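# Inside the fold
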Amino acid sequence: DSGVTQTPKHLITATGQRVTLRCSPRSGDLSVYWYQQSLDQGLQFLIQYYNGEERAKGNILERFSAQQFPDLHSELNLSSLELGDSALYFCASTRGREAYEQYFGPGTRLTVT
Amino acid sequence: AQSVTQLGSHVSVSEGALVLLRCNYSSSVPPYLFWYVQYPNQGLQLLLKYTSAATLVKGINGFEAEFKKSETSFHLTKPSAHMSDAAEYFCAVRASGTYKYIFGTGTRLKVLA
């Protein structure tokens with residue numbers, strides 16, 4: 001158990017819908033990363049937050065957005081969902097600015113039908 | 001720009017044989033390098049990391065990796081494979097001074113009895 005929690009574990013929704021994925025980092029970790037893992041694209045970095053502020057952006061679509069709240073949990077919002085958005089979404093947390101180790105949550109499996 | 005290449009999307013070894021998973025990186029600045037393991041239906045778990053200290057890095061479960069700057073490689077090895085090592089392995093790079101982690105496409109290790 002990494003100490004990172006993600007909810008829900010599974011999510012099935014229809015095209016065009018909007019969903020919110022939630023991540024709680026390890027106690028004391030200030031930074032949260034979001035990743036998308038699909039069979040054809042591998043593990044893609046989406047976005048990183050540090051202590052409530054956006055720190056780095058990767059291959060995140062405009063239909064996707066994220067935020068980190070004062071209690072340090074983070075939410076990834078996916079809207080206008082398409083079939084191709086079906087994937088595993090992971091969040092990971094690190095302790096601070098220069099921390100190296102990422103601790104991954106168990107993931108949310110999103111299926112868009 | 002950073003990138004990671006993992007040679008061989010699938011590797012099979014016999015139980016007790018040497019495990020060698022290859023990773024080459026590209027980074028314009030000194031890199032931090034990581035190996036993660038992912039078991040089915042789980043998140044990624046850190047095996048080991050290189051952060052500019054010793055070039056030979058020992059990790060969990062008997063794995064180790066050697067940073068070779070001249071070859072831009074960070075191959076993962078284990079002297080004797082165990083059935084429980086069957087999983088997918090990811091190499092990742094983070095350039096110093098940045099916060100983005102770039103992951104390779106993964107190598108699925110199969111251990112034959």
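Since we're looking at a predicted model, the values are computed, not measured. (Residues numbered from 1 in each chain as written. Chains lettered and ligands numbered in written order. Predicted model: local features only at pLDDT ≥ 70, side-chain atom pairs only at ≥ 80, totals over all residues. Heavy atoms only, no water.)

Before going further, it helps to spend a moment on the overall build of chain A. A tally of regular secondary structure across chain A gives zero helices and 11 strands. Put simply, chain A runs from its N terminus to its C terminus through helices and strands in the order β-β-β-β-β-β-β-β-β-β-β. The C-alpha radius of gyration of chain A comes to 13 Å, within 12% of the 13 Å expected for a compact globule of 113 residues. Overall size of chain A, expressed as C-alpha extent along the three principal axes, is 40 × 30 × 25 Å. When each of the 113 residues of chain A is scored for burial, the buried share is 52%. Taking all contacts inside chain A whose residues are at least 6 apart in sequence as the whole, residues at least 24 apart take part in 54%. For chain A, the accessible area works out to roughly 5400 Å², and carbon and sulfur atoms hold 46% of it. Side-chain charges in chain A split into 10 positive and 12 negative, and the spacing between the mean points of these groups amounts to 3 Å. (Helix = DSSP H or I, 4+ residues; strand = E, 2+ residues; numbered from the N terminus. Rg over C-alpha atoms; globule rule 2.2 N^0.38 Å. Buried < 20%, exposed > 50% of the residue type's maximum accessible area, 1.4 Å probe, protein only. Contact = heavy atoms within 4.5 Å. Areas by Shrake-Rupley, 256 points an atom, 1.4 Å probe, with all protein chains shown as cover. Lys, Arg positive; Asp, Glu negative; His and termini not counted. Charge placed at Lys NZ, Arg CZ, Asp CG, Glu CD.)

The next thing to look at is the interface of chain B and chain A. In this complex, chain B contributes 17 residues to the contact, which on the side of chain A involves 22 residues. The junction of chain B with chain A conceals about 1700 Å² of combined surface from both sides, 55% of it contributed by carbon and sulfur atoms. On the surface where chain B and chain A come into contact, there are one salt bridge. Taking the shortest distance from any N to any O, the salt bridge between B:Lys49 and A:Glu101 comes out at 2.9 Å. Mapped onto the side of chain B that touches chain A, the elements with two or more residues apiece are β4 (31-38), β5 (44-50) and β9 (87-95) of chain B. The leading source of residues in the side of chain B that touches chain A is β4(B), at four residues. Considering only residue class, the side of chain B that touches chain A consists of nine nonpolar, five polar and three charged. (Buried area = accessible area lost by both parts, 1.4 Å probe. Salt bridge = Lys/Arg side-chain N within 4 Å of Asp/Glu carboxyl O. Nonpolar A, V, L, I, M, F, W, Y, C, P; charged D, E, K, R; others polar.)

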